[in-house]
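Coordinate inspection notes
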Amino acid sequence: MGTATVLVVDDEKKIRDLVRSYLENEGYAVFVAETGERALEAFGRVRPDLIVLDLMLPDISGEEVARAVRELSPVPIIMLTARASEDDRVAGLRLGADDYLVKPFSPRELVARVAAVLRRSADTAVDGAGALHFAGGRLAIDRDAREVRLDDVPLALTRSEFDLLFALASHPGRVFSRFELVTKVQGYDYEGYERTIDVHVKNLRKKLGEDPREPTFVVTVTGVGYRFGMKADA
């Protein structure tokens, strides 16, 4: 992934310099910003392939930066925070984060997660599958274009949401455990974060316009995980 561009946003110079050094040693092009305002300016200027975003910024909060970015782009976001509670992690994921690291963190682990997220984003070829169609064509999932359309209206999905939906829709009726889906979406054993799948499912259902009590696309299998509830159009 040596040609990828990463934007690192953190108000602590020590962390910015450390992360930049490790990423540049792996061949990434790295830009840095110390405030939310400068992060948004840099995002518009360099159009990074991935953002490493601290949530505790001195001006605009990281949450606000993430919301602003999500209105414009599905670019992957890895969030950094000193807040370690599960609720904080879930809140970050609800904003559209693709991954989450709690401070203090290992720079080597961050580099590994950057590589994993970018690898998932770049992997557009899956068993020769093209577009999948469901519900008489109402729902179309195009892996090559990484696009989902419902009633011919494109849905703004994050990369993690798209990967989760495609994993389920590629095998209609098959039940996936949360652990299997975490591995497929995160690209590795994401220890302790299986609840993140529930957050992604909640976001997906909202964007698909589903009634969470009676979903037709992403169906809960109690005590196990999830399955895709419709067969592909012939």
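Residues numbered from 1 in each chain as written. Predicted model: local features only at pLDDT ≥ 70, side-chain atom pairs only at ≥ 80, totals over all residues. Heavy atoms only, no water.

1. Here's the deal with the pairing of strand S2 (residues 29-33)
The test is simple: Two strands are said to pair when DSSP picks up at least two bridges between them. A run of H or I in DSSP becomes a helix once it reaches four residues, and a run of E becomes a strand once it reaches two; helices and strands are each numbered from the N terminus. Here is how to tell: hold the view so the strands point away, follow the path from the first strand over the helix to the second, and if it runs clockwise the crossover is right-handed.
Two elements, strand S1 (residues 5-9) and S2, share 5 bridges in a ladder whose sense is parallel. Note that in S2 the partner of Thr-5 across the bridge is Ala-29. Assessed by its sense of winding, the connection that carries the chain from S1 through helix H1 (residues 13-25) to S2 is right-handed.

2. Some points on helix H2 (residues 36-46)
Let me state the cut-off plainly: Think of it in three bands: with a 1.4 Å probe and only protein chains considered, a residue is buried below 20% of the maximum accessible area for its type, exposed above 50%, and partly exposed in between. Directions are taken from the helix axis to each C-beta atom, and the arc is the one they span. Note on contacts: a residue pair is in contact if any heavy atoms of the two residues lie within 4.5 Å.
All of the buried residues along H2 are Gly-36, Ala-39, Ala-42, Phe-43 and Val-46. Buried residues of H2, seen end-on, are gathered within an arc of 120° and therefore sit on one face of the element. Residues of H2 that are exposed and point more than 90 degrees away from the buried face comprise Glu-37 and Arg-45. Packing partners of the buried residues in H2 comprise S1, S2, strand S3 (50-54) and helix H3 (62-70). Positive phi shows up at Arg-47, right after H2, with a value of about 50°.

3. Comments concerning the sheet that holds strand S4 (residues 77-81)
Test applied: Inter-axis angles, ranging from 0 to 180 degrees, are taken between N-to-C directions of lines fitted to C-alpha atoms, where helices are fitted over the stretch in contact.
As summarised here, the arrangement of the 5 strands in space is S2-S1-S3-S4-S5, forming an open sheet in which the pairing is parallel. Only two strands of the sheet have a single partner each, and these edge strands are S2 and strand S5 (99-102). The average undirected angle you get between the axes of adjacent strands in this sheet is 15°. Bridge analysis of S3 against S4 gives 4 bridges, and the strand direction is parallel.

4. Let's talk about the confidence of the model for the protein
The line we're drawing: As a per-residue measure, pLDDT tells how confident the predictor is, with possible values from 0 to 100.
For the protein, the average pLDDT comes to 85, and 87% of its residues sit at 70 or higher. Taken element by element, the predicted model of the protein shows its lowest mean pLDDT in helix H4 (residues 86-94) (69) and its highest in S1 (96). Within the model, pLDDT remains below 50 along residues 124-129, and this stretch shows 8 contacts once partners closer than five positions in the same chain are excluded.

5. Some remarks on the pattern of salt bridges
Here is the rule we go by: Within this document, salt bridges are pairs made up of a side-chain nitrogen of Lys or Arg and a carboxyl oxygen of Asp or Glu, the two lying within 4 Å of each other.
By the definition in use, this model includes 19 salt bridges. Asp-10 is the partner of Lys-103 in a salt bridge, and the nearest nitrogen-oxygen pair spans 2.9 Å. Residue Lys-103 is found in the loop between S5 and helix H5 (107-122), and its partner Asp-10 is found in the loop between S1 and H1; the two are separated by 93 residues along the sequence. A relative accessible area of 0% means that Asp-10 is categorised as buried. The partner of Arg-45 in a salt bridge is Glu-41, with the nearest N and O atoms 2.9 Å apart. Within this pair, Arg-45 and its partner Glu-41 are both found in helix H2, separated by 4 residues, close to a single helical turn. According to the relative accessible area criterion, Glu-41 is partly exposed, its value standing at 45%.

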